[in-house]
Amino acid sequence: MADPSSYRPSPGQIPDSPGVYKFRDEHRRVIYVGKAKNLRQRVANYFQDLANLHPRTRSMVTTAASVEWTVVSTEVEALQLEYTWIKEFDPRFNVKYRDDKSYPYLAVTLNEEFPRVQVMRGAKKKGVRYFGPYGHAWAIRETVDLMLRVFPVRTCSAGVFKNAARTGRPCLLGYIDKCSAPCVGRVTPEEHRELAEDFCDFMAGRTGTYIRRLEKDMMQAAEEMEYERAARLRDDAEALKRAMEKSAVVLADATDADLIAVAEDELEAALQIFHVRGGRVRGQRGWVTDKVEAVDTSGLVEHALQQLYGEERGDAVPKEVLVPALPEDTEAVSQWLAERRGSQVSLRIPQRGDKKDLMATVQRNAQQALGLHKTKRASDLTTRSRALEEIAEALGLDTAPLRIECYDISHLQGDDVVASMVVFEDGLARKSEYRRFQIKGFEGQDDVRSMHEVIGRRFKRYLQEKERTGEWEQAPQAAGETPATGEALPGAASAPTGQTSADAPLGITGPTPADPLTGPAPTAPADPLTGPAPTGPVPAPTLTPASPVDEIDPREDDGRPKRFAYPPQLVVVDGGQPQVAAAKRALDELGIDDIAVCGLAKRLEEVWLPDDDDPVVLPRSSEGLYLLQRVRDEAHRFAITYQRAKRAKRIRSSPLDDVAGLGETRKQALIKHFGSVKKLRQATIEEICEVPGIGRRTAEAVAAALASAAPATPAVNTATGEIMEEDDGGTS
């Protein structure tokens, strides 16, 4: 690993003009290319303290061994030179959009004497008119088959064409009138070219002229009682209409535009493009790329524009390009596009109307493409097996972790703190095993303490299940101590009479029965040496499960393992070193030492292990990293969904809900009369009685309920900073 200071140029050597720079490694290979308005400022940013650099940028500058630059006169020239160098050197740290397939185009070879309609892939050729791209080649063939009724252009290969010309007999399409048979001289080269140009005009969106012409000829043939010809013209018009229906109208103003959307996460980005010509979607394509450099959405858009239009000229660059975020230097990129088109190009973000709605559709396609890409990797058995093996190797596990549990904490500024537990078995989500928790042991925001409680409560349940089924027995020891540490087990103190099974000590499944002679039995037997067992409350804060499904089922054992009965081989926490240490401490307090623990820090995608000062960095292409990321993201999704639902339920609640006999109608009447809960709280009983339908007893109950309920913290409009009054009784 190179030290960036060893090849850092002095500031005076770097010009402050626009230009393009490239980093080379020790073998003189170009590993990164970038452009800048001011080379001195941009290049200097790479040589600051490594701790302040983005991890991907840090990796690049430590891999590099030298930096070079080229000065240009304008920013547009810098953009063009950057694209040229990226294409020439293929640097490993630049974002490159690559697809696993070559999209087919409908091509018309106008550069030949007898133009041919065909499906073409790969690099575009000069003199060939292209339409598309299409998602599938069969879609092109269906369209061409419909249009050959009206535009019988040649579709055969050069060999077939020459053989027909030699023998003087056309191919089958010539006999069924789907080819004008220029090979045998039925039409002249000029007439055939005119047919090909009409075909291109129709595909370019100028459809109305041809349909109206066919309908006019059909009516004229009918008037002349040439009914067979009229029927054929009718069928031709219907064929063109069916071909048009294959690309629905999405923009009513016959817009020519490309719509680009990006979906991204920490490691990858998916790009989707809709090609709209004449108001119709004429093609769609997409790519998924690794984010090998520190780049935001605007940077991804700029890279996409370079790679989409770097080789295009003329009409291949549309009049309008709609994007989710504008590039950093919008003016230079727009000028570069205009030079390639030969006329003005509008580069903008759609704000309203049909274009914004269509952009939302493209965005959904990008999200689905990214999700599908990740799902394909996760669903493959070989890939999953390799991912588990890589995790085991990286974390030093004896066997692959077939069951992984991941935990995440979610809250909103310390309110409604909840936790989630998701389970992956053999690399796939086991949603029936998911659990969620409310944290009530303390108030406020403390992710580390919350994580400690979640892990402690979950594995306390695990030990309870093992003891209930006879799989685990405590070794002789002092009451309430673990064999490993001698510390008190959470819940190891005796339970008072009436305690529920969820909060009871290990092995206790209900309240201790009372003796008919002596009264209530002691909550735990007295030790002959130390005296009676303590009866006070458990000092550790209590973590309450979110719903009854998390409680241990006290019903008669049916022989099946209860919830929390299966231990994982690996516990993953969403966080870094502090959260990992808290989880490990919770396991140690319970005497559990056969479950591995790690944490995945979201921003840097580093894996942290207990008692290690440095993280484990998995390769970016590692299937193990993909699996850990997917597990972590699923835990985050599950936690935040529950937190939002819990918060919404709290916001909708009102102190008036606790007043017996006060229905929704009278609650609304009170709010309407006083204007807000705050003013209702300040009202006297006599003033409350003035509201129609409210008697004195109800008024006293309302006043008592509002007096006992603490005023809610006022909401703040984050956009304006305005404090919002209680105006709806919490019923919105």
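Since the structure is predicted, the reported quantities are computational estimates derived from the model, not experimental observations.

Here is what the cut-offs are and how they apply
Residues numbered from 1 in each chain as written. Predicted model: local features only at pLDDT ≥ 70, side-chain atom pairs only at ≥ 80, totals over all residues. Heavy atoms only, no water. Helix = DSSP H or I, 4+ residues; strand = E, 2+ residues; numbered from the N terminus. Buried < 20%, exposed > 50% of the residue type's maximum accessible area, 1.4 Å probe, protein only. Contact = heavy atoms within 4.5 Å. Areas by Shrake-Rupley, 256 points an atom, 1.4 Å probe, with all protein chains shown as cover. Pairing = 2+ DSSP bridges. Axes fitted to C-alpha atoms, helices over the stretch in contact; angles between N-to-C directions. Patch = residues over 30% accessible without salt bridge, like charges linked within 9 Å, V, L, I, M, F, W, Y side chains within 5 Å. Salt bridge = Lys/Arg side-chain N within 4 Å of Asp/Glu carboxyl O. Right-handed = clockwise from strand over helix to strand, strands pointing away. 1 Å grid on protein atoms, 1.4 Å probe; cavity = no way out; pocket = protein on both sides within 12 Å on 5 of 7 lines; lining within 4 Å. Points joined across faces, edges and corners; volume = space filled by probe spheres on them. Nonpolar A, V, L, I, M, F, W, Y, C, P; charged D, E, K, R; others polar. Lys, Arg positive; Asp, Glu negative; His and termini not counted. Charge placed at Lys NZ, Arg CZ, Asp CG, Glu CD. Disulfide = S-S within 2.5 Å. pLDDT = per-residue confidence, 0-100. Parallel < 35°, antiparallel > 145°, perpendicular 65-115°, else oblique. Core = buried A, V, L, I, M, F, W, Y, C linked by side-chain atoms within 4.5 Å.

Participant: Please provide a residue-by-residue account of the overall build of the chain, values included.
Facilitator: Helices and strands together make up the secondary structure of the chain, namely 20 helices and 21 strands. Burial analysis of the chain (732 residues in total) assigns 45% to the buried set. Sequence separation of 24 or more characterises 65% of the internal contacts of the chain that already satisfy a separation of 6 or more. Total accessible area on the chain is roughly 37700 Å²; 50% of this is exposed by carbon and sulfur atoms.

Participant: Got a sec to walk through the sheet that holds strand β3 (residues 66-71)? Specific residues and values, please.
Facilitator: The three strands lie next to each other as β2-β1-β3, forming an open sheet whose pairing is antiparallel. In this open sheet, the two strands that pair with only one neighbour each are β2 (30-36) and β3. Going across the sheet, the axis of each strand differs from the next one's by a mean of 20°, ignoring polarity. Pairing geometry for strand β1 (residues 19-24) and β3, over six bridges, is antiparallel. Residue pairing across strands places phenylalanine 23 opposite valine 67, the latter belonging to β3. With respect to the sheet, helix α3 (residues 75-89) is in contact with β1, β2 and β3, its orientation differing from that of β2 by roughly 170°.

Participant: So what's going on with a nonpolar patch on the surface? Residues and values would help.
Facilitator: Taken together, the side chains of Leu172, Tyr175 and Ile176 present a nonpolar region at the surface, about 350 Å² in accessible area. In this fold, isoleucine 176 is placed in the loop between α6 (172-175) and α7 (189-203).

Participant: An account of the pairing of strand β17 (residues 570-574) is needed here, citing residue identities and associated values.
Facilitator: Among the five residues of β17, five are classified as buried, and the element is accordingly described as predominantly covered. What you see with β17 is no split at all: Leu570, Val572 and Asp574 on one side and Val571 and Val573 on the other are buried throughout. Pairing analysis gives four bridges linking strand β12 (residues 403-412) to β17, with the strands arranged parallel. If you follow isoleucine 404 over to β17, its bridge partner there is leucine 570. One ladder, built from five bridges, connects β17 with strand β18 (residues 596-601); its direction is parallel. In the sheet register, valine 572 faces β18, and the bridge partner there is cysteine 598. In terms of handedness, the path from β17 via helix α15 (residues 577-589) over to β18 forms a crossover that is right-handed.

Participant: Help me get a handle on the side chain of aspartate 258, residues and values and all.
Facilitator: Looking at where aspartate 258 falls in the secondary structure, it is placed in strand β7 (residues 257-264). Classification of aspartate 258 by relative accessible area gives buried; the value is 0%. If we ignore the near neighbours within four places in the chain, the residues touching aspartate 258 are Ile273, Phe274, His275, Val276, Arg277, Tyr309, Pro318, Glu320, Val321 and Leu322.

Participant: I'd like a rundown of empty space enclosed by the protein, residues and numbers included.
Facilitator: For the coordinates displayed, the defined rule picks out three cavities of 30 Å³ or more. What the largest cavity holds in volume is close to 40 Å³. Every residue lining the largest cavity is listed: Cys156, Val160, Phe161, Ala164, Cys171, Cys179, Ala181, Pro182 and Cys183. In terms of residue class, the lining of the largest cavity is made up of nine nonpolar, no polar and no charged.

Participant: A description of the pattern of salt bridges should follow, citing residues and the corresponding values.
Facilitator: Side chains carrying opposite charge are able to pair once their charged atoms draw close together. Enumeration over the complete set of coordinates arrives at 27 salt bridges. Ionic pairing is found between glutamate 320 and lysine 355, a salt bridge with its closest N-O pair at 3.1 Å. One end of the pair, glutamate 320, is in strand β10 (residues 320-322); the other, lysine 355, is in helix α12 (residues 353-379), with 35 residues separating them in the sequence. Of the two residues, glutamate 320 and lysine 355, both sit in the buried class. Of the charged contacts in the structure, one is a salt bridge between glutamate 686 and arginine 696, with a shortest N-O distance of 3.5 Å. Residue glutamate 686 is located in helix α19 (residues 685-689), and its partner arginine 696 is located in helix α20 (residues 696-708); the two are separated by ten residues in the primary sequence. Of the residues examined, glutamate 686 reaches a relative accessible area of 46% and is grouped as partly exposed. The exposure class of arginine 696 is partly exposed, given its relative accessible area of 45%. One connected set of salt bridges, linked through shared partners, spans Arg403, Glu405, Glu425, Arg430, Glu433 and Arg458.

Participant: Break down a negative patch on the surface for me, with residues and values.
Facilitator: A contiguous patch of negative charge, built from Glu113, Glu190, Glu191, Glu194 and Glu197, is present on the exposed surface. Positionally, glutamate 113 belongs in the loop between β4 (105-108) and β5 (117-120). Accessibility expressed as a relative area gives 54% for glutamate 113, which makes it exposed.

Participant: Give me the state of the cysteines: which residues, what numbers.
Facilitator: Every disulfide links exactly two cysteines, by a covalent bond between their sulfur atoms. Per the stated rule, a full pass over the model turns up zero disulfides. Unpaired in terms of disulfides, cysteine 183 finds its nearest cysteine sulfur in cysteine 179, a separation of 6.1 Å. Overall, the relative accessible area of 15% leaves cysteine 183 in the buried class. Free of any disulfide, cysteine 406 has its nearest neighbouring cysteine sulfur in cysteine 598, separated by 8.2 Å.

Participant: Pulling in residues and values, what's your account of the confidence of the model for the chain?
Facilitator: Averaged over the chain, the pLDDT score is 76; the fraction of residues at 70 or greater is 78%. When pLDDT is averaged over each helix and strand of the chain, the minimum, 41, is found for strand β16 (residues 543-545) and the maximum, 92, for β17.

Participant: Describe in detail the packing of α3 against helix α10 (residues 297-309), supporting the description with residues and values.
Facilitator: Running from N to C, α3 and α10 point in directions that differ by 75°, and their axes come no closer than 10 Å. Taken together, the axes of α3 and α10 are roughly perpendicular relative to one another. Between α3, through Leu79, Glu82, Tyr83 and Ile86, and α10, the contact on the second element is made entirely by Glu302, Gln306 and Gln307. Looking at the contact of α3 with α10 residue by residue, the class counts come to three nonpolar, two polar and two charged.

Participant: How would you sum up the environment of serine 622? Please name residues and give values.
Facilitator: A relative accessible area of 6% means that serine 622 is categorised as buried. In sequence terms serine 622 and alanine 387 are 235 residues apart; their C-alpha atoms lie 7.4 Å from each other.

Participant: Before we move on, can you summarise the nonpolar core with the specific residues and values?
Facilitator: Of all hydrophobic cores here, the largest spans 28 residues; its most connected members are Tyr407, Ile455, Phe459, Val571 and Ile592. Every element with two or more residues in this core is listed here: β12, β13 (415-425), β15 (435-439), α14 (447-468), β17, α15 and β18. Considering every element that reaches this core, the biggest residue donor is α14, with six residues. Among the nonpolar cores identified, the runner-up in size contains 26 residues, and Val117, Leu214, Ala230 and Leu240 belong to it.

Participant: I'd like a description of the sheet that holds strand β9 (residues 280-290), backed by residues and values.
Facilitator: With mixed pairing, five strands are arranged side by side in an open sheet as β9-β8-β7-β10-β11. Unpaired on one side and paired on the other, β9 and β11 (346-348) mark the two borders of the sheet. Taken pair by pair, the neighbouring strands of this sheet meet at an average axis angle of 15°, ignoring direction. Here three bridges tie β7 to β10, and the two strands are oriented parallel to one another. Its bridge partner being in β10, leucine 259 is matched across the sheet by leucine 322. Here α10 sits on the sheet in contact with β7, β8 (268-277), β9, β10 and β11, set at roughly 135° to β7.

Participant: So what about the environment of glutamate 443? Which residues, and what values?
Facilitator: Turning to its location among the elements, glutamate 443 is positioned in the loop between β15 and α14. On the accessibility criterion, glutamate 443 (77% relative accessible area) is exposed. Considering only alpha carbons, one finds glutamate 443 and glycine 414, 29 residues apart in sequence, at a separation of 7.5 Å.

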